[in-house]
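Listed here are the chains, written in short residue letters.
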Amino acid sequence: MGIGAGAGRAGCDILPPRCHIPVSPSRAGPAPGAPREIRGRRSSSTPRMSMEITFLGTGSAYPSPTRGASALVLRREGECWLFDCGEGTQTQLMRSHLRAGRITKIFITHLHGDHFFGLPGLLCTLSLQSNPDPNKPPVDIYGPLGLRSFLWRSLELSHSQLLFPYAVHELVPTRDQCPAEEFRDFSHLDRGEVPAQGPGGRILRLDPGEGSYLLEEDEQLVLRAFRLFHRVPSFGFVLEEKPRPGRLNVQKLKDLGVQPGPLYGKLKGGAAVVLENGVRISPSEVLEEPIPGRKVCILGDCSGTLGDEAPRLCRDADLLVHEATLDDTQQEKAREHGHSTPGMASDFARLCRARRLVLTHFSQRYKPSGQAGEGDADVAELRRQAESALGGQGVTLAEDFMTIEIPMKKGKTAALASPE
């Protein structure tokens, strides 16, 4: 199934969100035209080409009463894509405005339990809510090598039979993605044991020329993964829309004798037309500059990226989701455990000129203002540290059930300040 294949299908059911986290008016907001939180009740009609992300779990290590384990959903044109699936994700979905049954793709950043222990249970629940359909395309699941074995073993041992097909596409990590003593070679795990009716899928290897993994590409989108450094191999994902044709210069078309009609559509679609008088008009003559597509980057747990590929792939991202497990005063501890701080996340956001930075994956010790108990800290301090590192540029702290809309572009827009 192509990554734009869901455009013609029914979209995710949208109900009023249960929770909205507004941006404090006392601080600088994101760059003009940047992604924004949705407040209030959604319209019953979803605008064409809409894109938004909803955070289902923003805590690290384990789910707590204040933060679920890692999970977020990106929704675009009738498709819901789940990124990470920590324990309790299906409960979080039930509490959100999203419908789990609309999920068509799942992406697992790395094989730590707080990012994928919820996956077998979610798949079983989806099956209970499904009707057998031999024509239904498989749910595509992407993740590090070893994920296929984990899912097959979990479902096999629990005698779980799904009523829908699924495919697991495994990314082969490189040995430099984690400390040498932590690397495990899962290349031969369960190979030959998985029965013919077991999950299919591809083995995806690093493209040495591009320095990334090409997951899928069609006429609308390109989807890639890139390497991160963590205690186990971790990955980031980039969804990038391809440029859309610019607007037609209607006045010039009229001057050329072309009246509104089918020829407009052909030119807009990139095809040249020939008029009855023999005059040939190419799209470049009557189309304005192409409109850039949107780019969303979602990083798994990491204390850094490998090589120059990640900053290049994330260059000018409209939305960058980056972990900030601990505050800047604990940077040494964060690096020791393969994690980041607000300052480290801000450095990467500035390097790739992201238009908006959203921090997530907070240690459960960080609580919202007014909820901190003995031994807890105010999560707002993480935002202050990130904004200080970015010279006052607004930064968003993710909260469970926060939804952020990524509007379509109309032209060039501002980005976070570059290090130069």
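Above this text you will find the structure in question.
Residues numbered from 1 in each chain as written. Predicted model: local features only at pLDDT ≥ 70, side-chain atom pairs only at ≥ 80, totals over all residues. Heavy atoms only, no water.

## Section: the pattern of salt bridges
Pairing is possible between side chains that carry opposite charge, provided their charged atoms lie close to one another.
At step 1: Taken as a whole and assessed by the stated rule, the structure comprises 16 salt bridges.
At step 2: In this structure, Arg148 engages Glu170 in a salt bridge whose closest nitrogen and oxygen atoms are separated by 3.0 Å. Taken together, the residues Arg148 in helix 4 (residues 147-157) and Glu170 in strand 7 (residues 166-171) connect sequence positions 22 residues apart.
At step 3: Assessed through its relative accessible area of 8%, Arg148 is described here as buried.
At step 4: Asp347 serves as the salt-bridge partner of Arg350, at 2.8 Å between the closest nitrogen and oxygen. (Salt bridge = Lys/Arg side-chain N within 4 Å of Asp/Glu carboxyl O. Helix = DSSP H or I, 4+ residues; strand = E, 2+ residues; numbered from the N terminus. Buried < 20%, exposed > 50% of the residue type's maximum accessible area, 1.4 Å probe, protein only.)

## Thoughts on the environment of Leu189
At step 1: Note that Leu189 resides in the loop between strand 7 and strand 8 (203-204).
At step 2: A relative accessible area of 34% means that Leu189 is categorised as partly exposed.
At step 3: Put simply, Leu189 and Gly146 are 43 residues apart on the chain and 6.9 Å apart in space, counted from C-alpha to C-alpha.

## A closer look at the pairing of strand 16 (residues 319-323)
At step 1: Taking burial as the measure, the 5 residues of strand 16 include 5 buried ones, the bulk of the element.
At step 2: Across the two faces of strand 16 the burial is the same, with Leu319, Val321 and Glu323 and Leu320 and His322 all buried.
At step 3: Bridge count between strand 14 (residues 295-299) and strand 16: 3 bridges; the pairing is parallel. Following the sheet pairing, Val296 is matched in strand 16 by Leu319.
At step 4: Two elements, strand 16 and strand 17 (residues 357-360), share 4 bridges in a ladder whose sense is parallel. By the bridge assignment for strand 17, Glu323 is matched with Thr360. (Pairing = 2+ DSSP bridges.)

## Looking at the nonpolar core
At step 1: Membership of the largest hydrophobic core comes to 29 residues, with the highest contact counts inside it found for Phe226, Leu299, Leu320 and Leu359.
At step 2: Listing elements by their share of this core, those giving two or more residues are strand 10 (221-229), strand 14, helix 8 (309-313), helix 10 (342-351), strand 17 and helix 11 (380-389).
At step 3: In terms of residues, this core owes the most to one element, helix 10, which gives 3 residues.
At step 4: Formed by 28 residues, the second largest nonpolar core is a distinct cluster that contains Met51, Ile53, Trp81 and Tyr142. (Core = buried A, V, L, I, M, F, W, Y, C linked by side-chain atoms within 4.5 Å.)

## Digging into the packing of aromatic side chains
At step 1: Counted according to the given criterion, the structure contains 8 aromatic pairs.
At step 2: Ring centres 4.6 Å apart and planes at 15° place the aromatic pair Phe83 and Phe107 in the stacked group. One end of the pair, Phe83, is in strand 4 (residues 79-83); the other, Phe107, is in strand 5 (residues 103-107), with 24 residues separating them in the sequence. Pair check on accessibility: Phe83 and Phe107 agree, each one buried.
At step 3: Taken together, a centroid distance of 4.6 Å and an interplanar angle of 55° make the contact between Phe116 and Phe150 tilted. In this pair, Phe116 sits in helix 2 (residues 113-116) while Phe150 sits in helix 4, placing the two residues 34 residues apart along the sequence.
At step 4: These aromatic residues form a ring-pair network of at least three members: Trp81, Phe83, Phe107, Tyr142 and Phe237. (Phe/Tyr/Trp six-rings, centres within 6.5 Å; stacked < 30°, edge-to-face > 60°.)

## Structural notes on the packing of helix 3 (residues 119-128) against helix 4
At step 1: Close contact between helix 3 and helix 4 brings their axes to 10 Å; oriented N to C, the two are set at 55°. With respect to their mutual orientation, helix 3 and helix 4 come out oblique. Of the two elements, helix 3 crosses helix 4, and the hand of that crossing is right-handed. Residues Leu119, Pro120, Leu123 and Cys124 of helix 3 form the contact with helix 4, whose participating residues are Leu147, Phe150, Leu151, Ser154 and Leu155. (Axes fitted to C-alpha atoms, helices over the stretch in contact; angles between N-to-C directions. Parallel < 35°, antiparallel > 145°, perpendicular 65-115°, else oblique. Left-handed = near helix turned anticlockwise from the far one by under 90°. Contact = heavy atoms within 4.5 Å.)

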